[in-house]
Amino acid sequence: MSEFLTIDKDNLQLLGGNIDDYPGGVVLPIDKPYRWTSADVVRKVKFIAQKHFHKKNLKVGHAGTLDPLATGVLLVCLGKATKQAEALQAQQKEYIAHIEFGATTPCCDMEKEIDRRYPFEHITREMVDEAVKGFIGEQDQIPPIFSAKLIDGTRAYEMARAGEEVVMKPARITIYDMEVLEFELPKLVLRVKCSKGTYIRSIARDMGAALGSGGYLTGLERTMSGGFSVGKCLKMDDLAEIMKK
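What you are looking at is a predicted structure, and each value in this text was computed from that prediction instead of being measured. (Residues numbered from 1 in each chain as written. Predicted model: local features only at pLDDT ≥ 70, side-chain atom pairs only at ≥ 80, totals over all residues. Heavy atoms only, no water.)

Colleague: Explain the packing of helix α3 (residues 125–135) against helix α5 (residues 200–210) to me, and be specific about the residues and the numbers.
Modeller: Taken N-terminus to C-terminus, the directions of α3 and α5 make an angle of 130 degrees; their axes are 10 Å apart at the nearest point. In terms of orientation, α3 and α5 fall into the oblique class. Regarding α3 and α5, the two cross each other, and that crossing is right-handed. Every residue of α5 that contacts α3 at Ala131, Val132 and Phe135 is listed here: Ile203, Asp206, Met207 and Ala210. Its residues placed into classes, the contact of α3 with α5 shows six nonpolar, no polar and one charged. (Axes fitted to C-alpha atoms, helices over the stretch in contact; angles between N-to-C directions. Helix = DSSP H or I, 4+ residues; strand = E, 2+ residues; numbered from the N terminus. Parallel < 35°, antiparallel > 145°, perpendicular 65-115°, else oblique. Left-handed = near helix turned anticlockwise from the far one by under 90°. Contact = heavy atoms within 4.5 Å. Nonpolar A, V, L, I, M, F, W, Y, C, P; charged D, E, K, R; others polar.)

Structure below.
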């Protein structure tokens, strides 16, 4: 298979008007905007790319979903690069996660209101450092009920929104490294390097539980996906420059 072309901040070039000129397809590392879904980004890129390449059936997809409240690296694949989306998605990822202790939410982030409060004043930096050690390595993780995991053909979040009981099966993941960047009660900032399929929202929930409290995610940025860093990602406004008519 031909190697795909990567367009990023270091290689910001105008694309030709024929997608067949790129036999391996094109990969666009996008810095996903806050509150955009991954599907929103794909739809926008597809709309612009279809006009640019004059091709209505142009294939466009992404490698690794980001939640709406997260920002950072989203790899958007055009043309034959969509065939490599699964391989791209399988690569190691890095996140900066902002966690707040003392409460939980049904979705483990700020998309829903707090549903329960917990004491947090007892948590010390020493406790956090010890808890972090316990998260590193291969493990089974329970995804949030508000997630895109399929349960008998139905998305878990659809069942949860309908008020149905949702039983999530554990998924095997690996946390390669976890580093405390900031700690000031009730807030914690972590750098997390992990495998595909890892839910950082679940880490926030489980970190709170490990410390005898509650925890939920208040901010998330994917800073790395495979060899693609957020500092080299394109903004949505850059698309007009690389795909001029």
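Colleague: Please set out the environment of glutamate 241 residue by residue, giving values where relevant.
Modeller: With respect to the element layout, glutamate 241 can be found in helix α6 (residues 239–242). Separated by 123 residues in sequence, glutamate 241 and tyrosine 118 place their C-alpha atoms 49 Å apart.

Colleague: Tell me about the pattern of salt bridges, and please be specific about residues and values.
Modeller: This structure, assessed with the given rule, holds 14 salt bridges. With its nearest N and O atoms 2.8 Å apart, the salt bridge here joins arginine 201 to aspartate 67. Of this pair, arginine 201 sits in helix α5 while aspartate 67 sits in the loop between β3 (60–63) and β4 (70–78), and the two are 134 residues apart along the sequence. A residue is classified by how much of its surface remains accessible, and aspartate 67, at 23% relative accessible area, is partly exposed. (Salt bridge = Lys/Arg side-chain N within 4 Å of Asp/Glu carboxyl O. Buried < 20%, exposed > 50% of the residue type's maximum accessible area, 1.4 Å probe, protein only.)

Colleague: Give a detailed account of unusual backbone geometry, specifying residues and quantitative values.
Modeller: Here leucine 185 and proline 186 are connected by a cis peptide whose omega angle stands at 5 degrees. You will see that arginine 35, though not glycine, has its phi angle at about 75 degrees, which is positive. Unlike most non-glycine residues, histidine 54 shows phi in positive territory, near 55 degrees. Of note, histidine 54 is situated in the loop between α1 (38–53) and β3. Judged by relative accessible area, histidine 54 falls into the exposed class, the value being 70%.

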